[in-house]
There are 2 protein chains.
Amino acid sequence: MSKGEKDVTIYDIADKLNISAATVSRALKDHPRVNKNTKKLIVKTAEEMGYLSNSFASNLRKKSSNIIGLIVPRLNSNFMADVIAGIEKVLNNNNYNLFISQSLETMTKEIANANAMLVNRVDGLLVSLAYDTTNIDHFDPFIKRQVPVIFFDRVFESDSCPQIYIDNQKAAYEVTSHLIKQGCKRVMHITASQLRNVYADRLAGYKKALEDNAIKFDESLVIINDLSREAGIQAAQQILDMPNKPDGIFVANDSCAVSCMQTLIKAGINIPHDIAVAGFNNDPMTCVIEPNLTTVNYKGYEMGEVAAKLVIDRLVNKNEFHPAHGVILRSELIVRESSTRIT
Amino acid sequence: MSKGEKDVTIYDIADKLNISAATVSRALKDHPRVNKNTKKLIVKTAEEMGYLSNSFASNLRKKSSNIIGLIVPRLNSNFMADVIAGIEKVLNNNNYNLFISQSLETMTKEIANANAMLVNRVDGLLVSLAYDTTNIDHFDPFIKRQVPVIFFDRVFESDSCPQIYIDNQKAAYEVTSHLIKQGCKRVMHITASQLRNVYADRLAGYKKALEDNAIKFDESLVIINDLSREAGIQAAQQILDMPNKPDGIFVANDSCAVSCMQTLIKAGINIPHDIAVAGFNNDPMTCVIEPNLTTVNYKGYEMGEVAAKLVIDRLVNKNEFHPAHGVILRSELIVRESSTRIT
DNA sequence: TAAATTTGCGCAATCGATTGTATTATTTTA
DNA sequence: TAAAATAATACAATCGATTGCGCAAATTTA
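Residues numbered from 1 in each chain as written. Chains lettered and ligands numbered in written order. Predicted model: local features only at pLDDT ≥ 70, side-chain atom pairs only at ≥ 80, totals over all residues. Heavy atoms only, no water.

I keep staring at the domain arrangement of chain A and nothing clicks. Help me out?
How big an interface is tends to be expressed through the accessible area that disappears when the partners come together. Residue and element names in this part refer to chain A. By the assigned domains, chain A splits into domain 1 (10-53), domain 2 (64-166 + 300-331) and domain 3 (168-298 + 333-339). Using only C-alpha atoms to locate each centre, domain 2 and domain 3 end up separated by 29 Å. Counting residues at the interface gives 18 residues for domain 2, matched by 19 residues for domain 3. Both sides of the domain 2 and domain 3 interface together cover about 1,400 Å² of buried area, and 52% of this is carbon and sulfur. On inspection of domain 2 and its partner domain 3, the count reaches 0 salt bridges. Between domain 2 and domain 3 we count 10 residue pairs in polar contact (both at pLDDT 80 or more) in total. Residue composition of the side of domain 2 that touches domain 3, grouped by class: 9 nonpolar, 5 polar and 4 charged. (Domains from an automatic or database assignment. Contact = heavy atoms within 4.5 Å. Buried area = accessible area lost by both parts, 1.4 Å probe. Salt bridge = Lys/Arg side-chain N within 4 Å of Asp/Glu carboxyl O. Polar contact = N/O pair within 3.5 Å; in protein donor to acceptor, adjacent residues only side chain to side chain. Nonpolar A, V, L, I, M, F, W, Y, C, P; charged D, E, K, R; others polar.)

As structure tokens, this is what we get:
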């Protein structure tokens, strides 16, 4: 099988140069106590011999992997792509690698992912929770081992883990208020699992806006589903069957909002005049659908950066997490035609 | 710093039970030469003590990581999400983990990613190439070390690496033929870097279809860009400036096709009657744009599965790669309103 | 019942890099 | 020039799991 020449080790280099492996090791990591010329020679020889440091050995000895784990619900969104880009930038600058996995919105897979991260001994963990995660016991082993765990976007209240998110309640309040200002009297809200802060807070913001506008909260105007495209179609059908239809809809994500809109439009509903619609996330899709979708924008890239900086700060600079665990990032309402009645 | 109790090792378990570490090690991996009762006791004790196998030590000794690397141009597409899901399913079933990274379409980052994979000693590597990758020298170290490298979708001709892709030429031929059948006489083609098989083959298929329909190939009807949304807008503007406009456009990906269409429509062009349009990939967006976009569908999930199975087969079953290196998967033309003139 | 197997377990080397503690060579200081 | 300080290198233990080999006990076979 392995006709391939054996991997070159620091011992091979040491033998060749008649020096000790310790010096080779130190030279390769630019230790100050090694003579400059020796260093140069060693580095050159290592290169010539095709040396590749064995990270297993190194990690074993150093008890660290320089790998940060990332667990997200899904990868196929622009938001997550931005988050990842932000994380990668910071990690690369600090010589850390990223281990990515997706839970596909299930706690089961999230647990499996966490275990994989544990076994592969990541030095830190960044997490955005799945829909149905009811507790975060699966992250306890990390905390016990002093591996920093940081939640972003879909966070979980925990004293041991910092959290990064936007003010979802405020954002939802703004969306709902905006719809009301456009003349909506019966605003519907479509959202997902109330286990997740992002959806619970958005519902809270929605309720608060109703309240502040003296509109009575109507339970029948709230739909909780998985915010998938299919769910959007179903929700639309449900709306079409309603005798007393809403005149505004605030959907907690864009792809669901879009499919819902499409279905409504096909059924002859005029948007925004019969029903005004708003989404959340500012997905590229929002500018493809006609009329363009009002939505909430927030910067995934920045969120990724902040999360990564927090871990790095903890790992590299040995800083304890700031006592105030929450970092709240900015978001903005983007008004487009799907909700514009007054011009 | 680390007040956390030290990690439990097999030696701790061995001491506690007054047996050897060798037996503990064997018991934990269910070695047949260990008594069933001893095994049970060891497993139970390990659990109680909160034992976690140290993969560094294990990997060092076994010279394998059980990690497969994945390098893709971008993560934020539905196609890639499907691919990844397919890969993960197969890998999980075989007790392998996945290490994901994105090149963001640049060779520089692709090389950096490859090096990270090398350092972290993945057991196998799955790759879809960036736009501007001109050679695959950065994968040589893997091949030298007998680490299987498999290309999918955006492949590179190489004797050492199997390739999985669709028949892009045929698919493009079908798209172009379809447009011609709808009455198009001047079909434009918008595509990307001809370094990549997918785009070179699509151009070839486009040319072949023209030829077979006795239409002379016109260089000025081919635009090569990066197929981004912005590029689609630019391309549309370029078209609008043309004195002799095309009456059909075949774009090599959907998001570019969509933004191009949007721009054309805004300028008063009627699609499909003035210009018929077709894309590639069957992104969800194709059913959001009006008129819905004709496109080519191919199954990312299956492609991921096949790629992963190939590595696993090589690693687990020690099978050499099949002499016929290419696996060609099925694709299908999906005709929608953006190109339907005849009904 | 003696011989041959099989079962169960331990010894000790090994994987390759790191690092605290010598040790030797060189330079500086007194 | 001897003593002290510094620079450069080497020694050897260590990280924790794996595994070939050996040995004893238990079981089977003849």
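Whenever I open this one, the nonpolar core confuses me. Can you help?
Note on soluble globular proteins: their nonpolar side chains tend to be buried together. Grouped together as the largest cluster of nonpolar side chains are 151 residues, with contacts concentrated most on I190(A), I249(A) and I190(B). Sequence-distant contacts of I190(B), that is, excluding residues within four places in its chain, are made with I223(B), N225(B), L227(B), A235(B), I249(B), F250(B), V251(B), A252(B), C256(B) and C260(B). Core analysis: the next-biggest nonpolar cluster, separate from the first, contains 39 residues, L125(A), I136(A), M117(B) and I136(B) among them. (Core = buried A, V, L, I, M, F, W, Y, C linked by side-chain atoms within 4.5 Å. Buried < 20%, exposed > 50% of the residue type's maximum accessible area, 1.4 Å probe, protein only.)

Hey, could you run me through the pairing of strand β4 (residues 149-152) of chain B in this one?
Consecutive side chains along a regular strand alternate between the two faces of the sheet. Residue and element names in this part refer to chain B. Alternating residues of β4 divide into V149 and F151 and I150 and F152, and every residue in both groups is buried. When strand β3 (residues 124-127) meets β4, the two strands line up parallel, connected through 3 bridges. Each residue of the ladder has a partner; that of L125, found in β4, is V149. Relative to strand β5 (residues 163-166), β4 runs parallel, the two being bridged by 2 bridges. Its bridge partner being in β5, F151 is matched across the sheet by Q163. (Helix = DSSP H or I, 4+ residues; strand = E, 2+ residues; numbered from the N terminus. Pairing = 2+ DSSP bridges.)

Teacher, can you tell me more about the sheet that holds strand β11 (residues 326-329) of chain A here?
One key point about sheets: their strands pair by backbone hydrogen bonds, in either a parallel or an antiparallel sense. Residue and element names in this part refer to chain A. One open sheet holds the 6 strands; their spatial order is β2-β1-β3-β4-β5-β11, and the pairing between them is parallel. Of all the strands in the sheet, the pair left with one neighbour each is β2 (97-102) and β11. Neighbour-to-neighbour, the strand axes of the sheet open up by a mean angle of 20°, direction not taken into account. Here helix α5 (residues 78-93) sits on the sheet and contacts β1 (67-72), β2, β3 (124-127) and β4 (149-152); the angle it forms with β2, its principal contact strand, is near 160°. Sheet contacts for helix α12 (residues 300-315): β1, β3, β4, β5 (163-166) and β11; angle to β5, the most-contacted strand, approximately 165°. (Axes fitted to C-alpha atoms, helices over the stretch in contact; angles between N-to-C directions.)

Is there a simple way to explain the protein's contact with DNA strand D in this structure?
Inspection of the region around DNA strand D gives 28 residues, with S20(A), K63(A), I10(B), Y51(B) and R61(B) positioned closest. K63(A) places a polar side-chain atom, nitrogen or oxygen, 2.7 Å from a phosphate oxygen of DNA strand D. The contact in question runs from a base nitrogen of DNA strand D to an N or O atom on the side chain of Y11(B), over 2.8 Å. Mapped onto the surface near DNA strand D, the elements with two or more residues apiece are α2 (21-28) and α4 (55-62) of chain A together with α1 (10-17), α2 (21-28) and α4 (55-62) of chain B. Residues that form the surface near DNA strand D fall into these classes: 10 nonpolar, 10 polar and 8 charged. (Near = heavy atom within 4 Å.)

Honestly, the relation of the copies chain B and chain A in this entry has me stumped. Any pointers?
Relating one copy of the chain to the other takes a rotation about an axis and a shift parallel to that axis. The two copies are related by a screw operation: chain B maps onto chain A through 180° of rotation and 0.1 Å of translation along the axis, at an RMSD of 0.1 Å. A rotation of that kind, with that shift, is consistent with a two-fold axis. (Least-squares fit on C-alpha atoms with pLDDT ≥ 70 in both.)

Sorry, what's going on with the pattern of salt bridges here?
Close approach of charged atoms lets side chains of opposite charge pair. For the coordinates displayed, the defined rule picks out 18 salt bridges over all chains. Note that D7(B) is salt-bridged to R121(A), the shortest N-O span being 2.7 Å. Taken as a pair, D7(B) in the segment before α1 and R121(A) in the loop between α6 (107-119) and β3 lie in two separate chains rather than in one. The class of D7(B) is partly exposed, set by a relative accessible area of 30%. Look at the salt bridges and you will find they share partners, linking D7(A), R121(B) and R145(B) into a network.

Whenever I open this one, the protein's contact with DNA strand C confuses me. Can you help?
Lining the immediate surroundings of DNA strand C are 28 residues, of which I10(A), Y51(A), R61(A), T23(B) and R33(B) lie closest. Sugar plus phosphate, as a fraction of atoms of DNA strand C within 4 Å of the protein: 55%. Take R26(B): an N or O atom from its side chain is 3.0 Å from a base oxygen of DNA strand C. Mapped onto the surface near DNA strand C, the elements with two or more residues apiece are α1 (10-17), α2 and α4 of chain A together with α2 and α4 of chain B. Looking at the surface near DNA strand C element by element, the count peaks at 5 residues for α4(A).

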